[in-house]
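# Analysis of the macromolecular model
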Amino acid sequence: MAVILANETAWPGLKSGIDRIDECGLDIIEAMIRDIEAASEVHSVGRGSWPNMVGELELDASIMYGRTLEAGAVAALKGYLHPISVARAVMSRLPHVFLAGEGAARFAREIGAEASNLLTEASRNGFDAWVEGNIPEKLRERWPECSLVEHAWASLDPEEVGGTTCVLVCDDFGDCSAGVSTSGWAWKYPGRVGDSPVIGAGCYADNRYGAVGCIGTGEMAIRVSTARSVILYMKQGMCVEEACREAARDYRDLSGGVIRRVVIHAVDRSGSHFVLAAGADEGTRYYVVEEESGRFEERISETMRL
Ligand code: GLY
């Protein structure tokens, strides 16, 4: 019986997920995330997202297939509407796993991916308001033609945990797959890459155990390899809940840098799932679609203080 687990931001993709529940997990993930990437009201995935410090949108995405452990990822991709499809094409058409920046854009162009100006009026206005509120007046005239370094801490991501989207599927064919897509940390330093396209940090799937996707502060998930850690804790014999809790405990070893929230989403190969908002006092909404019922349920995650 197929199960889809998706975070709150995934709501524009839920209909596609329900309609495709009997299809292969990679197809379900790609269809759902494409809908989310195209939804301009979601300001942290695809079109209409908040840009980086210089007003440009750089998108990250990855996808992983648990049967073969094949994966594809793109980072800092500019000008293409569906980074999740470009990531899947990296997996299926190249001998590589991960493309970044100019190379990712070149590949997107060569495979005929849909080019698009992703900045909407709302995202441009959001950027202008950020510059106005955070950059000293004397610098604004020549912004961003100046050093950005000392302004990188000027604003922490307003979307924080609700941002990135992740979709996990254990499908009718016995396969577990994971997909993640995001514009990353709003007002980030150009070229900043979060956990979403980093296989093992924001995304991992292995049919023997399950699938994992993270949202929130990517820097934390990268530093302790959260998604793969959850899988490895399951490999050591922990159930999905205990594996997520153990992976979250790893954040307690972090000091320095930005320590905020990460929401870990995990589903095991039997379809049991667990979602944990680490570093949060309040749970985070997520959705579960189960083939048997043919509809989605909205649930709230557990929390863990760090
Ligand atoms: N978790 C998404 C990011 O940090 O970019």
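What counts, and where the lines are drawn
- Residues numbered from 1 in each chain as written.
- Predicted model: local features only at pLDDT ≥ 70, side-chain atom pairs only at ≥ 80, totals over all residues.
- Heavy atoms only, no water.
- 1 Å grid on protein atoms, 1.4 Å probe; cavity = no way out; pocket = protein on both sides within 12 Å on 5 of 7 lines; lining within 4 Å.
- Points joined across faces, edges and corners; volume = space filled by probe spheres on them.
- Pairing = 2+ DSSP bridges.
- Helix = DSSP H or I, 4+ residues; strand = E, 2+ residues; numbered from the N terminus.
- Axes fitted to C-alpha atoms, helices over the stretch in contact; angles between N-to-C directions.
- Contact = heavy atoms within 4.5 Å.
- Phe/Tyr/Trp six-rings, centres within 6.5 Å; stacked < 30°, edge-to-face > 60°.
- Buried < 20%, exposed > 50% of the residue type's maximum accessible area, 1.4 Å probe, protein only.
- Near = heavy atom within 4 Å.
- Polar contact = N/O pair within 3.5 Å; in protein donor to acceptor, adjacent residues only side chain to side chain.
- Areas by Shrake-Rupley, 256 points an atom, 1.4 Å probe, with all protein chains shown as cover.
- Nonpolar A, V, L, I, M, F, W, Y, C, P; charged D, E, K, R; others polar.
- Parallel < 35°, antiparallel > 145°, perpendicular 65-115°, else oblique.

Attention now goes to the layout of surface pockets. The space that makes up the largest pocket amounts to roughly 190 Å³. Lining the largest pocket we find eleven residues, and of these Ala 152, Trp 153, Trp 185, Glu 219 and Val 258 sit closest to its centre.

Moving on, we get to the sheet that holds strand β12 (residues 295-300). Strand order across the open sheet formed by eight strands is β4-β3-β2-β6-β5-β1-β11-β12, with mixed pairing between neighbours. Of all the strands in the sheet, the pair left with one neighbour each is β4 (98-100) and β12. Taking the axes of each pair of neighbouring strands and ignoring which way they run, one obtains an average angle of 10° across the sheet. For strand β1 (residues 3-7) and strand β5 (residues 165-170), the ladder comprises four bridges, and the chain directions are antiparallel. Bridge pairing in β5 links Ile 4 to Val 169. Docked against the sheet, helix α2 (residues 25-38) engages β1, β2 (59-65), β5 and β6 (176-182), running at close to 15° with respect to β6. The strands touched by helix α3 (residues 83-93) are β2, β3 (70-77), β4 and β6; relative to β3, the strand with the most contacts, the crossing angle is about 135°.

This paragraph deals with the packing of aromatic side chains. One pass over the full model with this rule turns up five aromatic pairs. Between Trp 130 and Trp 143, the ring centres sit 6.1 Å apart and the planes meet at 65°, which makes this aromatic pair edge-to-face. With Trp 130 in helix α5 (residues 121-134) and Trp 143 in the loop between α6 (137-140) and β5, the pair connects residues that are 13 residues apart, well separated along the chain. According to the relative accessible area criterion, Trp 130 is buried, its value standing at 4%.

So, about the site of the ligand. The full set of residues close to the ligand is Thr 164, Gly 184, Trp 185, Arg 192, Gly 194, Asp 195, Ser 196, Gly 216 and Gly 218. Thr 164 places a side-chain nitrogen or oxygen 3.3 Å from a nitrogen atom of the ligand. With respect to the ligand, the backbone of Gly 216 contributes an N or O atom lying 2.7 Å from a nitrogen atom. When the free accessible area of the ligand is taken as 200 Å², the share hidden by the protein chains comes to 96%. Each residue belonging to the shell around the ligand can be placed in one class, and the counts come to one nonpolar, six polar and two charged.

For the rest of this paragraph, the subject is the pairing of strand β9 (residues 262-268). Looking along a regular strand, one sees the side chains alternate between the two faces of the sheet. With respect to burial, β9 is a largely interior element, seven of its seven residues being buried. Burial along β9 is two-sided: the residues Val 262, Ile 264, Ala 266 and Asp 268 and Val 263, His 265 and Val 267 are all buried. Pairing geometry for strand β8 (residues 210-216) and β9, over seven bridges, is antiparallel. Paired with Val 212 across the strands is Ala 266, a residue of β9. When β9 meets strand β10 (residues 273-278), the two strands line up antiparallel, connected through six bridges. Bridge pairing links His 265 to Val 275 in β10. Linking β9 back to β10 in an antiparallel pair, the connection comprises four residues, with Gly 271 at a positive phi of about 95°.

The linkage connecting Trp 143 with the following residue, Pro 144, adopts the cis geometry, with an omega of 5°. Among the structural elements, Pro 144 can be located in the loop between α6 and β5. Despite not being glycine, Leu 69 shows a phi value in the positive range, around 60°. Tracing the backbone shows Leu 69 in the loop between β2 and β3. Although it is not a glycine, Trp 187 sits at a positive phi angle of roughly 60°. Along the chain, Trp 187 falls in the loop between β6 and β7 (203-206).

One open sheet holds the five strands; their spatial order is β7-β8-β9-β10-β13, and the pairing between them is mixed. Looking along the sheet, the strands with just one partner apiece sit at the ends: β7 and β13 (302-304). Across the sheet, the axes of successive neighbouring strands diverge by a mean angle of 20°, strand direction being ignored. Each of β9, β10 and β13 touches helix α9 (residues 240-249); the most contacted strand, β10, lies at about 20° to it.

A separate point is the packing of α2 against α3. At a minimum axis separation of 8 Å, α2 and α3 run at an interaxial angle of 150°. Taken together, α2 and α3 sit at an angle that is classed as roughly antiparallel. Counting all contacts with α2, which are made through Leu 26, Asp 27, Glu 30, Ile 33, Arg 34 and Glu 37, the residues of α3 involved are Pro 83, Ile 84, Ser 85, Arg 88 and Met 91.

So, to be careful, I would describe these as geometric facts and stop short of saying anything about function.
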